[in-house]
Amino acid sequence: MKRKKILFRNTAGKKGRNWIITPENSELEALGYARIILDKEVPSVSYENPNFEAAFICLGGEGTVSIGSASYEVKPYDSIFLPPGNEGVIKTESTLDILESTAPSDQQGNPVFIPFGKLNRDKKLTQMLSTPPSQRKLHRIIDENVPAQRLLCGLDFSKEGNWTSWAPHEHAATKEEIYIYFDMPAPAFGIQLVYEDLDHPEYLGPVYEGDAVVIKRGYHPNVAIPGHPINFVWIMATLDPSMERSWADVNTQPEFA
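As the structure is a prediction and not an experimental result, all values here were calculated from the model.

## Some thoughts on empty space enclosed by the protein
- Going through the model one piece at a time under the given rule, you end up with one cavity of 30 Å³ or more.
- Its boundaries defined by the atoms lining it, the largest cavity holds a volume of some 80 Å³.
- Taken together, 11 residues form the lining of the largest cavity, with I6, E27, V214, K216 and R217 sitting closest to its centre.
- A class-by-class count of the residues in the lining of the largest cavity yields four nonpolar, no polar and seven charged.

## Structural notes on the environment of E255
- Mapped onto the secondary structure, E255 falls in the segment after β23 (251–252).
- In this structure the C-alpha to C-alpha distance between E255 and A167, which are 88 residues apart in sequence, comes to 9.4 Å.

## Quick word on the layout of surface pockets
- Taken as a whole, the largest pocket encloses approximately 300 Å³ of empty space.
- Of all the secondary-structure elements, those providing two or more residues to the lining of the largest pocket are β13 (136–142), β17 (175–181) and β22 (231–238).
- Broken down by element, the residue count for the lining of the largest pocket peaks at three residues, all from β22.
- When grouped by side-chain class, the residues that make up the lining of the largest pocket number 11 nonpolar, four polar and three charged.

## Let's talk about the pattern of salt bridges
- For the coordinates displayed, the defined rule picks out 11 salt bridges.
- Between D211 and R9 there is a salt bridge, and its shortest N-O distance comes to 2.4 Å. Here D211, found in the loop between β19 (203–207) and β20 (212–215), pairs with R9, found in the loop between β1 (7–8) and β2 (16–21); they are 202 residues apart in sequence, far enough to count as distant.
- Among the ionic pairs, K216 bridges to E29, the shortest N-O distance being 2.8 Å. Within this pair, whereas K216 is found in the loop between β20 and β21 (222–224), its partner E29 is found in the loop between β2 and β3 (32–38), the two being separated by 187 residues in sequence.
- Connected through shared salt-bridge partners, K15, D39 and E41 make up one network.

## Let's talk about the side chain of H220
- With respect to the element layout, H220 can be found in the loop between β20 and β21.
- Engagement of the side chain of H220 in a polar contact is seen with the side chain of E177, the distance being 3.3 Å.
- Of note is the side chain of H220, whose polar atom sits 2.9 Å from the backbone oxygen of G218.
- Contacts of H220, omitting those with residues within four sequence positions, involve S165, H169, E170, H171, E177, Y179, Q192, L193, V194 and I215.

Cut-off values and rules
- Residues numbered from 1 in each chain as written.
- Predicted model: local features only at pLDDT ≥ 70, side-chain atom pairs only at ≥ 80, totals over all residues.
- Heavy atoms only, no water.
- 1 Å grid on protein atoms, 1.4 Å probe; cavity = no way out; pocket = protein on both sides within 12 Å on 5 of 7 lines; lining within 4 Å.
- Points joined across faces, edges and corners; volume = space filled by probe spheres on them.
- Nonpolar A, V, L, I, M, F, W, Y, C, P; charged D, E, K, R; others polar.
- Helix = DSSP H or I, 4+ residues; strand = E, 2+ residues; numbered from the N terminus.
- Salt bridge = Lys/Arg side-chain N within 4 Å of Asp/Glu carboxyl O.
- Polar contact = N/O pair within 3.5 Å; in protein donor to acceptor, adjacent residues only side chain to side chain.
- Contact = heavy atoms within 4.5 Å.

Worth remembering: the numbers are spatial, not functional.
See the structure below:
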């Protein structure tokens, strides 16, 4: 059977709120990715999440997210976690770029605002990992700090020319994932690998700002080019609501364990 699309190019290229990757156009079972791009031409969009939990991660600009009677002013890289059953409006007076991650859920609760300034000072949720040539700064945005049922989300900022997601690891039995690359203006690019067998990779090629790669199975390291970082948002969902929600529950490629 032919596998569905893995690489999605230029996912931030359309204004409004647009679904980019869902179980309907990929191999994913639960995880969804939408992008919200607003400016003076399209200054607002409405929002509802009746049967799925969601995470909003601001990647650029400034704006207001109103959920019910609450309002949150967001700027890079502030985030909001939303349990199911909310609706509201997202708006800006200038420009606003929000990444939206979703997964089916029936766990009720209240929205949680995660200001990036506070997260960046939290030594448990923000860490500098490894040493060159695989050094990167990791921010665990949606993790044990919020009462999500299935979602895990974070930011990865590599050092110039370094590898990330190293040592190679996989988590196909418990979680599915999407990488979305950001803050990599031309001429920057990275090289992304997704493979079970390195001689026959599911994907091995360049990724640019705005691209997204679906990781349903396989090891998935990547590398930045000299003089530039590779930066990406990683969004994950457990395959079943009963599974442990842990980003560290992975299998390292044996040769590099």
